[in-house]
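Observations on the three-dimensional arrangement
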Amino acid sequence: MAVDELQAIIQRCQILEEADFKGEDFNLFQVAGQKCLEDGYAAQLLEVIQNEKNKVIIKNMGWNLISPLVRCIFMYKQEDDKREHCLRILDQLAQLCNPKELFLGLLEQIEQTSGEQVCQTVMLLLQPLQTVLLKLQNKKAYSVGLSLAMIMNQLTPLPVPYTKQQIQEDKLGLCQCCNAVVDFAKPFANEVVKNMEKSSEYNNMELKEELIKFCMKSLKYPLLTAQLEQLEGIEEHPFRHFATEIIDILWNIGELIPLMFVHHKGKSPHWEDQEFADMERKNSADSLACLSYLIFVQHFGVECFPVVFSPSYLLLCNMTHIEVLLKRTEESVLSKGLDLFESCLLRMEDNSLLRDYLEFRDFINVPQDLVKIMTLCPMEHMRKKSLNILQLFIDKFDTEGKYTLFRCLLKTSNHAGVEGYIIKNIKDQIHLASTKEYDNIWFTGHHLISLLDLVLSLPEGAETDLLQNSDRIMASLNLLRYLVIKDSESDNQTGVWTTLGKIEQNFLKPLRVGLNMSRAHYEAEIKNKKENRKEAQSSNTVCSLTVSGEKMLPMTTGMQLQVLHSALFTFDLIESVLARVEELIEVKTKAVMDEN
């Protein structure tokens, strides 16, 4: 019988000194203890462990029971008495075993778990692990750091619940586990706080560093990808609670504000492996970006935040974080970047941001990232929000800043729709510049002429693809029409009449030639399709179309004709506006000549 075998081993070891325990004794104790657990004698094993005479034996050998003990706890049902006995054994082992040996045994058990049992195992072992760590004297900071790192590494592969239903179900127990882990870390944070006055102590500084590492990892996972908006029907959002606790730890140990504003370039560890160093930098950037989002969008810890910074300075500090978030493709991360950018911009007054800010690399990169989202993101609501934020960004700059930003976006966007949108903005600025209250030099005279050189041109002259560039061309023609109507040749406020010859040479004439060429080509294609239609129908011929490497649905001849007619309609629109512009130029020029 298992209990008898265990009792025999115990009696033999009771007469030995602690130093005389052999490897064979450890093995026999482990096998007998495991058999007791597996055969359902947990109550008897508990009695053996609680017996004062066996204290030395349990101190040295008890940690060997962790693995079979965990297996049995998961084997029994919640209400089973045997499970309760196993839990009490675990608690006793935490109190009686050698802390160092038990610490390694518990960590090994956490490391070996996988899949659906990760969160259950971690939550089961957190309390005994905390008890053991609080007992440790030597290498305490290292052991706390190792424990937190091991736990987070095991949790990281698990998917983060995102929808309301997923959060409520918490299938794998991640929501509950994350909050259990942060509770596990609190006593060590409190210890750092108590010793803040003696912070020169090496161990205390080490412990503080380990807690910072844990908080940074928590910011990247699960908080970076978690849904953090308040959800109806969920009284206490588990990830919002987790975020609050992480912010509290950082604030209490005095690291929240330094992390927000101090660049630790000098403190970055030197890694010989460059790939590893790059990965560390990226992880840190993701964590700090998430921290900014929590503070400035969700307002966690905002009551601790100094109110002495100007909105433009806060935008400057956050642009690096915004860029990090906007580079990602996951909706949960991308939306955080857009929300953070919007939040910073809404704090500012229109026309208050100086052109000098565009000297910072991030102020050029971020609008370019917005353009990519506007044009490439598959989610419509993200594209629309990006467009609104780009407009908000434009509105915040002074006139010189707007002028510089427009030039930059026209040169870098490489998208006709975006270029058309920027040209419409230029038209609005020219209109404001023509009124007395918005008098400025940037959208009149030689500055405007320089900008018009960019706007009123065709990328490849007469051979430009007019369909692909139709949005830009229509916006350019509408701007030119507005300038010709608004500004008379005698006043020439905008300077457009001075450069009219150049505009005709570089824009209007090539556009007219391009229209004629394109129209002729498409009309010939239509004629050809119609002639071959009967043959195509009889053989059921279809045309395959590939877009961005993906094969689209096959196109019948009728569908191809529809596309071709649509192209001709676009050419008609362009030609009607072009004809109106040419007519206006002719009428105004003739009027001036008649006056002379």
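Residues numbered from 1 in each chain as written. Predicted model: local features only at pLDDT ≥ 70, side-chain atom pairs only at ≥ 80, totals over all residues. Heavy atoms only, no water.

Our next topic: the packing of aromatic side chains. Applying the stated criterion to the full structure yields 14 aromatic pairs. Ring geometry for Tyr403 against Trp442: centres 5.2 Å apart, planes inclined by 50°, an arrangement best described as tilted. Taken as a pair, Tyr403 in helix 20 (residues 399-412) and Trp442 in the loop between helix 21 (416-433) and helix 22 (445-455) lie far apart in primary sequence, 39 residues in all. An identical accessibility class is assigned to Tyr403 and Trp442; each is buried. The structure contains a cluster of three or more aromatic residues connected by ring pairs, namely Phe341, Tyr357, Phe360, Phe363, Phe393 and Phe397. One residue, Lys336, lies across the ring of Tyr293, its end atom 5.5 Å from the ring centre. Across from the ring centre of Tyr482, 5.2 Å away, lies the NZ or CZ of Lys427, which sits over that ring. (Phe/Tyr/Trp six-rings, centres within 6.5 Å; stacked < 30°, edge-to-face > 60°. Helix = DSSP H or I, 4+ residues; strand = E, 2+ residues; numbered from the N terminus. Buried < 20%, exposed > 50% of the residue type's maximum accessible area, 1.4 Å probe, protein only. Lys NZ or Arg CZ within 6 Å of the ring centre and 35° of its normal.)

Enumeration according to the criterion identifies 28 salt bridges in this entry. A salt bridge links Glu359 to Arg355; its shortest N-O distance comes to 2.7 Å. With a relative accessible area of 22%, Arg355 lands in the partly exposed category. Salt bridges here are not isolated pairs; linked through shared partners, they connect Glu323, Lys327, Arg361, Asp362 and Asp369. (Salt bridge = Lys/Arg side-chain N within 4 Å of Asp/Glu carboxyl O.)

Take the confidence of the model for the protein next. Of all residues in the protein, 88% have pLDDT values of 70 or greater, and the mean over the chain is 87. Between residues 264-271, whose pLDDT stays under 50, and residues either more than four places distant or in other chains, the model counts 5 contacts. (pLDDT = per-residue confidence, 0-100. Contact = heavy atoms within 4.5 Å.)

This part covers the packing of helix 8 (residues 118-135) against helix 9 (residues 140-155). Between helix 8 and helix 9, whose axes approach to 11 Å, the crossing angle comes to 175°. By the criterion of interaxial angle, the relationship of helix 8 to helix 9 is roughly antiparallel. Two secondary-structure elements touch here, helix 8 through Val118, Cys119, Val122, Leu126, Leu129, Leu133 and Leu134 and helix 9 through Lys140, Ser143, Val144, Ser147, Ile151, Gln154 and Leu155. (Axes fitted to C-alpha atoms, helices over the stretch in contact; angles between N-to-C directions. Parallel < 35°, antiparallel > 145°, perpendicular 65-115°, else oblique.)

For helix 21, built from 18 residues, the straight-helix expectation of 26 Å at 1.5 Å per residue is met to within 8% by its first-to-last C-alpha distance of 25 Å. Of the residues making up helix 21, those classed as buried are Ala416, Val418, Glu419, Gly420, Ile422, Ile423, Asn425, Ile426, Gln429, Ile430 and Ala433. Next to the buried residues of helix 21 lie helix 18 (361-376), helix 19 (380-396), helix 20, helix 22 and helix 23 (470-486). (Expected span 1.5 Å × (residues − 1).)

Moving on to the side chain of Thr494. In this structure, Thr494 sits in the loop between helix 23 and helix 24 (500-531). For Thr494, the side chain forms a polar contact with the main-chain nitrogen of Val496, separated by 3.3 Å. In this structure, Thr494 is in contact with Ile430, Thr444, Gly445, Leu448, Ile449, Leu483 and Asp487, ignoring residues within four places of it in sequence. (Polar contact = N/O pair within 3.5 Å; in protein donor to acceptor, adjacent residues only side chain to side chain.)

So, on to the packing of helix 5 (residues 66-75) against helix 6 (residues 81-96). Running from N to C, helix 5 and helix 6 cross one another at 150°; their axes reach a closest spacing of 9 Å. Classed by the angle they form, the pair helix 5 and helix 6 counts as roughly antiparallel. Seen from above, helix 5 lies across helix 6 with left-handed handedness. Mapping the contact onto sequence places Ile66, Leu69, Cys72 and Ile73 in helix 5 and Arg83, Cys86, Leu87, Ile89, Leu90 and Leu93 in helix 6. (Left-handed = near helix turned anticlockwise from the far one by under 90°.)

A word on the environment of Ala243. With respect to the helices, strands and loops of the structure, Ala243 is situated in helix 13 (residues 238-252). The spatial distance from the C-alpha of Ala243 to the C-alpha of Gly301 is 9.6 Å, given a sequence separation of 58 residues. Excluding its chain neighbours within four sequence positions, the residues that come into contact with Ala243 are Leu223, Leu294 and Phe300.

Attention now goes to the state of the cysteines. Inspection of the entire model under this criterion finds 0 disulfides. Sulfur of Cys175: no disulfide; nearest cysteine sulfur belongs to Cys178 and is 7.1 Å away. Residue Cys175 is classed as buried on the basis of its relative accessible area, which comes to 3%. (Disulfide = S-S within 2.5 Å.)

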